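Structure at a glance
In case you want the letters, here they are:
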Amino acid sequence: MASTDVPVEERQMVKGENNLRPHLIHFNRCKTILLDEFKIRNSPFWTIHIYMCDGGITRNLDVKSHGHNNDGIDLEMTRNFLVENCLFDQGDDAVVIKAGRNRDAWRLNTPCENIVVRNCTIMAGHTLLGIGSEISGDIRNVYMHDCVAPNSVHRLFFVKTNHRRGTFVENIHMENIATGSILRVLEIDTEVLYRWRTLVPTYEESITRIKGIYMNNITCESAKAIYGLKGDERVPIRNVEIRNVHVGSVSDFVSHVENVEGIVTENITYDEIDPNALPELDKYTNNK
């Protein structure tokens, strides 16, 4: 509907066969928000959605929800926000930075920026820090530090977009993180379309520019892979720094880097690697 310019007021998503599940807590275009010291259990969809807001703190929350699409907190087209001292136990991503989807987000033109996440514990989740995939309004200046995921998450740090999103992502930092068993420590994927790949046609292409992704001081008990960076050859990922990452055991591969310009790695170590794993795939791809 957005890609064919159906007016917002005509996009009926509640009655009839749609039956979309609501967010549990939703702030829309608010200022100076404080969420402090309460529990949330079993939200029907995204648990906390902070949408186009300016200024706020979320702290000391105990959030648990393992249904479908149960993100912990989604900050979307929001600026100047702090998330600290929270516990997340999620059926989907834990902490997510978003910026709207495609033409609607280009129209609103409101970046998500100046976000700090610190001292949080993630008991379960698909991603500790997710950037996207609703990302089209631009994302910059995000800093996550001193968090732990003692059990398992799928991905520690995941930037996800596709050729329809048309945005920029820049200056994203993660450091001082400890985790248990995961699939990927760091992943960037510029072709994440999920089920929309065949259900919805591509009305227009607009490539995401990704620049300035920084990861430092990460410890992980085990991972299938340490990092996989999949850029788009038309607009390669630029300036990625991965330093001081230690993984106990690696089962699939250490690194796969595709269409990246300006990657710096330093002190990437592991104790053991599966004899059938591939230590390095970088040489097969288009990188500088």
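Going by the structure above, here's the rest.
Here's a quick rundown of the structure. Values in this document were obtained by computation on a predicted structure and should not be read as measured data. (Residues numbered from 1 in each chain as written. Predicted model: local features only at pLDDT ≥ 70, side-chain atom pairs only at ≥ 80, totals over all residues. Heavy atoms only, no water.)

Time to look at the pattern of salt bridges. Two side chains bearing opposite charge may form a pair once their charged atoms approach each other closely. Tallied over the full model, the rule gives 19 salt bridges. Of the charged contacts, one joins D36 and R59 as a salt bridge, the two residues approaching to 3.2 Å between their closest N and O atoms. You can see D36 sitting in strand β2 (residues 31–36) and its partner R59 sitting in strand β5 (residues 54–59), a full 23 residues away along the chain. Taking relative accessible area as the criterion, R59 reaches 26% and is therefore assigned partly exposed. Salt-bridge contacts for R155 lead to E187; the nearest nitrogen and oxygen are separated by 2.4 Å. With R155 in strand β13 (residues 139–160) and E187 in strand β14 (residues 168–189), the pair connects residues that are 32 residues apart, well separated along the chain. Because the salt bridges share partners, they merge into one network encompassing D54, R79, E113 and R140. (Salt bridge = Lys/Arg side-chain N within 4 Å of Asp/Glu carboxyl O. Helix = DSSP H or I, 4+ residues; strand = E, 2+ residues; numbered from the N terminus. Buried < 20%, exposed > 50% of the residue type's maximum accessible area, 1.4 Å probe, protein only.)

Below, the discussion takes up a negative patch on the surface. Together, D252, D271, E272 and D274 give the surface a local cluster of negative charge. Relative to the helices and strands, D271 resides in strand β17 (residues 260–273). With relative accessibility at 59%, the residue D271 sits in the exposed group. (Patch = residues over 30% accessible without salt bridge, like charges linked within 9 Å, V, L, I, M, F, W, Y side chains within 5 Å. Areas by Shrake-Rupley, 256 points an atom, 1.4 Å probe, with all protein chains shown as cover. Lys, Arg positive; Asp, Glu negative; His and termini not counted. Charge placed at Lys NZ, Arg CZ, Asp CG, Glu CD.)

Attention now goes to the side chain of E84. By secondary structure assignment, the location of E84 is in strand β8 (residues 79–84). Non-local contacts of E84, meaning those with residues more than four positions away in its chain, are made with T58, R59, N60, R118 and C120. (Contact = heavy atoms within 4.5 Å.)

This paragraph deals with the pairing of strand β15 (residues 209–230). On a regular strand, one side chain projects to one face of the sheet and the next to the other, so that they alternate. Summarising the sheet, β14 and β15 pair through 17 bridges and their orientation is parallel. Residue pairing across strands places D189 opposite K230, the latter belonging to β15. Across 15 bridges, β15 lies against strand β16 (residues 237–258) in parallel orientation. Paired with I218 across the bridge in β16 is V245. (Pairing = 2+ DSSP bridges.)

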